[in-house]
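Topology and contacts: notes
Residue-level listing of the chains:
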Amino acid sequence: CALQIMSSPASLDPDTYATVISKLSTSDVLACAQVCTRLRELCVASLQSSHAVEERGTGITGGALRWLALRRLRGVTRIELVDCGELTKASITSAVAGCDSLASLSALRVGPGSWALGHIERLLAAAPPSLASVRLDVLLEMKKDLHEGSHLLAALAR
């Protein structure tokens, strides 16, 4: 945790710490919450106000993502995952399926490879009706995927 500058809990400036906390990944915020009671209160307030799971370049696992989305941060409306190599497309789909109020998903450079048609179809089938925005890294093959009647284009048009 990068917040090792405290001399006492009374010296915490909530606005300063709220700004710092807002820059951390969700799992880092949870780790910082273990430092002291006052910092825990600030971290919990930050997590509850954002209604988001944000992980960039972390080693978060599928089980941890699902726990965050379904148990720790109920009511998640946004999931943003970037450069999380430990995640699989299936674990992301599983987390999305349990988030009834999810409105936005961004899953870029997660796990091995890009999102293929099968991954996208399973994700869309499991997604709640509230999901309005999805950002994925998709590998397109010109002859296979970009023609009239393409299954991939049909899936993306939903």
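Preceding block: the structure.
Here goes a summary of the coordinates provided. (Residues numbered from 1 in each chain as written. Predicted model: local features only at pLDDT ≥ 70, side-chain atom pairs only at ≥ 80, totals over all residues. Heavy atoms only, no water.)

A closer look at the packing of helix H1 (residues 14-22) against helix H3 (residues 37-50)
Packing of H1 against H3 brings their axes to within 10 Å, and their N-to-C directions diverge by 55°. Classified by the angle between their axes, H1 and H3 sit oblique to one another. Crossing of H1 over H3 shows right-handed handedness. From H1, Pro14, Tyr17 and Ile21 reach across to H3, where they touch Arg38, Leu39, Leu42, Cys43 and Ser46. By residue class, the composition of the contact of H1 with H3 is six nonpolar, one polar and one charged. (Axes fitted to C-alpha atoms, helices over the stretch in contact; angles between N-to-C directions. Helix = DSSP H or I, 4+ residues; strand = E, 2+ residues; numbered from the N terminus. Parallel < 35°, antiparallel > 145°, perpendicular 65-115°, else oblique. Left-handed = near helix turned anticlockwise from the far one by under 90°. Contact = heavy atoms within 4.5 Å. Nonpolar A, V, L, I, M, F, W, Y, C, P; charged D, E, K, R; others polar.)

Structural notes on the side chain of Lys89
With respect to the element layout, Lys89 can be found in helix H5 (residues 89-97). Nearest to the buried, unbridged Lys89 among oppositely charged side chains is Asp137, at 5.7 Å. Not counting residues up to four positions away in its chain, the partners in contact with Lys89 are Val110, Gly111, Pro112, Gly113, Ser114, Trp115 and His119. (Buried < 20%, exposed > 50% of the residue type's maximum accessible area, 1.4 Å probe, protein only. Lys, Arg positive; Asp, Glu negative; His and termini not counted. Salt bridge = Lys/Arg side-chain N within 4 Å of Asp/Glu carboxyl O.)

Details of the pattern of salt bridges
Pairs can form between side chains of opposite charge whenever their charged atoms are close. Within this structure, the stated rule accounts for four salt bridges. A salt bridge links Glu80 to Arg56, with the shortest nitrogen-to-oxygen separation between them at 1.9 Å. Here the residue Glu80 occupies a position in strand E2 (residues 78-82), and Arg56 occupies one in strand E1 (residues 52-56), the gap between them amounting to 24 residues. A residue is classified by how much of its surface remains accessible, and Glu80, at 15% relative accessible area, is buried. Residue Arg78 pairs with Glu80 through a salt bridge whose shortest N-O separation is 3.1 Å. Within this structure, Glu54, Arg56, Arg78 and Glu80 form a network of salt bridges that share partners.

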